[in-house]
Amino acid sequence: MDNLSALYQSCFGCKVQSIRQLAGEGSNRKYYRLSGGGGVVVGVEGTSRDENRAFIYLARHFASKQIAVPEILAVSGDEMYYLQSDLGSTSLFDALGNGRKAGGRYTQHERALLFKTIRELPNVQIRGARGLDWAMCYPQPAFDEDSVLFDLNYFKYCFLKPLDVDFHEMKLEANFRLLAKDLTCEPTNSFLYRDFQARNVMLDDEGNPHFIDFQGGRRGPYYYDVASFLWQASAKYPHKLRRELVYEYYQSLKNYTEVPSERHFVERLRLFVLFRTLQVLGAYGFRGYFERKQHFLDSIPPAMQNLRELLHDSHFSYSYLTDLLCRLTDLPQFAAPQEEPAVRADGYKIAENDVYEAHPKDGPATFSKYDGKGPLVVRVFSFSYHRGIPHDDSGNGGGYVFDCRSTHNPGRYEPYKKLTGLDEPVIRFLEDDGEILEFLEHAYRLADHHIERYLQRGFTNLMFSFGCTGGQHRSVYSAQHLAEHIHEKFGIEVHVCHREQRIEQVFEAVQ
């Protein structure tokens, strides 16, 4: 820490006032948050000069391509310490925590973060590769057969061997070589991030992704990072969401380079999913079985479940390896997990009333210069039809009224009776069912067009109301999401009132 403190003082001309070590998962590198007169930065103490040099070079190269990475602020003379800009404390992994706890049932907000991140990956891989000096990569410049075989043997010696699983060394080695050849048969000139996972994506206040821990990257096939990200063992991404994210990545990739057919892409991706799964099991075996780190031991069962699903859904031409892996997944300690609902002691999983914050666009709302009364204000209500449609106090006639009663009602089920459309279990119920999402798509289109015209014409008031049977679940969810959608898209002042719940909220106009 003394070296980092000295580097901070040399960089900013003032002493460090506080220094705190940050938690690390699998790396031997140590990270610290330093603060003082020069501001808050992150200090890194590495164990390998070559690894540090690779990160520093790549960070500066990516920054020159306007890729969102930490800024390198200072480097010690021996290159064992450096300072970088602080990207905050919220990783994508943290932001997706509730979705993992709910067994992979991600909300629309969480899904939006995933889609935003996967769309940026080709930018790093393809644009980031342009003009990159591959000789600066650590520990080697390219993904090749030797590196594949190294990782496969890592799996063999650090995972298979400790389990005392019987296997034929020569037959397994022959299949390893076939897999290595298949993985490296296509020429490539893209950047392989190598450890692209949710923990290595930091989010700013607007949910935009920033990328860290790419020091192990090299020239290699872009399939690898997609497999690494979407088949992360602990993420529990459901099959449908994975498929949507793969498609989103494929469409984004088209903006940067020529792509193979979608069928070819998916077939190649399966090979990399197989390889990446074996690779991480090797790492988990070493860190868990040998170093006794609990985090990695806990990661083995979900990784085995990924492998089980992959073997069930795919056909590989490596017959001996496939048979061995099937035997492995059948071991008692890796039995398929039983689905357990995430519940509280009282029988329900209930989150706090914590709705997601909106992300307004930059810039003020636009309104007619001829309107002297002020900018457009939108009011959104949820209500119960038993108590009547909300009154329009503006005197403008009430606007739109949407009837939510055609959609699936969570209020019919006992676990949701005391919750509202602001509570996480209700949100997941409605979004998993999907009817409410299709319903809101039509409401969004009507609202967007109407607001655009009101802004053009200089009108000052518009009202939307959503009604359901009790004004508790579907109408609350719909009103809240429309209010956030309007504020995010137009940056105007939005008032939301959940009448029957006596909850009000104001989204201020962006100035």
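Predicted model only: the values in this text are computed from it and were never measured. (Residues numbered from 1 in each chain as written. Predicted model: local features only at pLDDT ≥ 70, side-chain atom pairs only at ≥ 80, totals over all residues. Heavy atoms only, no water.)

Q: I would appreciate a short explanation of the sheet that holds strand β4 (residues 72-75) in the present structure.
A: Sheet strands line up and pair through hydrogen bonds in the backbone, either parallel or antiparallel. Within the open sheet, the five strands sit side by side as β1-β2-β3-β5-β4. Their pairing is antiparallel. In this open sheet, the two strands that pair with only one neighbour each are β1 (16-22) and β4. Here the strands of the sheet are splayed against their neighbours by 25 degrees on average, with no regard to which way each runs. Two strands pair when backbone bridges link them, and β4 and strand β5 (residues 81-85) are joined in this way by three bridges, in the antiparallel orientation. Directly across from Val75, in β5, lies its bridge partner Tyr82. Along the sheet, helix α1 (residues 2-12) contacts β1, β2 (30-36), β3 (39-45), β4 and β5; its crossing angle with β5, the most-contacted strand, is approximately 55 degrees. Here helix α2 (residues 49-64) sits on the sheet in contact with β4 and β5, set at roughly 145 degrees to β4. (Pairing = 2+ DSSP bridges. Helix = DSSP H or I, 4+ residues; strand = E, 2+ residues; numbered from the N terminus. Axes fitted to C-alpha atoms, helices over the stretch in contact; angles between N-to-C directions. Contact = heavy atoms within 4.5 Å.)

Q: Help me understand the side chain of Glu500, please; the structure alone is not making it clear to me.
A: The residue Glu500 is located in the loop between β13 (493-498) and β14 (503-507) in this model. For Glu500, the side chain forms a polar contact with the main-chain nitrogen of Ser384, separated by 2.9 Å. Within the structure, the side chain of Glu500 is placed 2.5 Å from the side chain of Arg387, a separation counted as a polar contact. Beyond its immediate chain neighbours, meaning those up to four positions away, Glu500 contacts Ser382, Phe383, Ser384, Arg387, Gly470 and Gly471. (Polar contact = N/O pair within 3.5 Å; in protein donor to acceptor, adjacent residues only side chain to side chain.)

Q: What's the story with the environment of Gln480 in this structure? I'm lost.
A: Topologically, Gln480 is positioned in helix α15 (residues 474-490). Sequence separation between Gln480 and Gln505 is 25 residues, and the spatial gap between their C-alpha atoms is 9.3 Å.

Q: Would you mind showing me how to read α1 here?
A: Residues three or four positions apart in an α-helix share a direction because the helix packs 3.6 residues into each turn. Buried residues of α1: Leu4, Leu7 and Tyr8, and no others. Down the axis of α1, the buried side of the element spans an arc of 105 degrees, and every buried residue falls inside it. Of the residues in α1, the exposed ones pointing more than 90 degrees away from the buried face are Asp2 and Ser10. Gly13, located one to two residues past α1, shows a positive phi value of around 75 degrees. (Buried < 20%, exposed > 50% of the residue type's maximum accessible area, 1.4 Å probe, protein only. Arc of directions from axis to C-beta.)

Q: For this particular structure, what's the right way to read the packing of helix α6 (residues 145-160) against helix α12 (residues 319-329)?
A: Any two packed helices are characterised by how steeply their axes cross, that is the angle between the axes, and by the distance between the axes. The interhelical angle for the contact between α6 and α12, taken along N-to-C directions, is 30 degrees, at an axis separation of 14 Å. In terms of axis orientation, α6 runs roughly parallel to α12. Two packed elements cross with a definite hand, and for α6 against α12 that hand is left-handed. Residues Phe155, Phe159 and Leu160 of α6 form the contact with α12, whose own contacting residues are Leu324, Leu325 and Leu328. Of the residues that constitute the contact of α6 with α12, the class distribution is six nonpolar, no polar and no charged. (Parallel < 35°, antiparallel > 145°, perpendicular 65-115°, else oblique. Left-handed = near helix turned anticlockwise from the far one by under 90°. Nonpolar A, V, L, I, M, F, W, Y, C, P; charged D, E, K, R; others polar.)

Q: So what exactly am I meant to see when it comes to the packing of aromatic side chains here?
A: To describe a pair of aromatic rings, you give the distance between the ring centres and the angle between the ring planes. According to the stated counting rule, one finds 38 aromatic pairs in the structure shown. When the centroid spacing of 6.1 Å and the interplanar angle of 40 degrees are considered together, the rings of Tyr154 and Phe286 count as tilted. Of this pair, Tyr154 sits in helix α6 while Phe286 sits in helix α10 (residues 262-290), placing them 132 residues apart in sequence. Taking relative accessible area as the criterion, Tyr154 reaches 24% and is therefore assigned partly exposed. Given the relative accessible area of 28%, Phe286 is considered partly exposed. The ring of Phe93 is capped by Arg100, whose NZ or CZ atom sits 3.5 Å from the centre of that ring. Directly above the aromatic system of Phe93 lies the positively charged group of Arg199, at a separation of 3.8 Å from the ring centroid. (Phe/Tyr/Trp six-rings, centres within 6.5 Å; stacked < 30°, edge-to-face > 60°. Lys NZ or Arg CZ within 6 Å of the ring centre and 35° of its normal.)

Q: Hey, could you run me through the pattern of salt bridges in this one?
A: Opposite charge on two side chains lets them pair, provided their charged atoms get close. Inspection of every chain in the model, using the stated rule, returns 25 salt bridges. Among the salt bridges present, the one from Arg268 reaches Glu186, with a minimum N-O distance of 3.3 Å. Of the two residues, Arg268 is situated in helix α10 and Glu186 in the loop between α7 (169-183) and β6 (190-192); the sequence distance between them amounts to 82 residues. Using a relative accessible area of 7% as the deciding quantity, one classes Arg268 as buried. Taking relative accessible area as the criterion, Glu186 reaches 27% and is therefore assigned partly exposed. Here Arg263 makes a salt bridge to Glu267, at a shortest N to O gap of 3.4 Å. With Arg263 and Glu267 both in helix α10, this residue pair falls four residues apart, about one helical turn. On the basis of relative accessible area, Arg263 is assigned to the exposed category, the value being 66%. Within the structure, one salt-bridge network assembled from shared partners comprises Lys156, Lys161, Glu169, Glu173 and Arg177. (Salt bridge = Lys/Arg side-chain N within 4 Å of Asp/Glu carboxyl O.)

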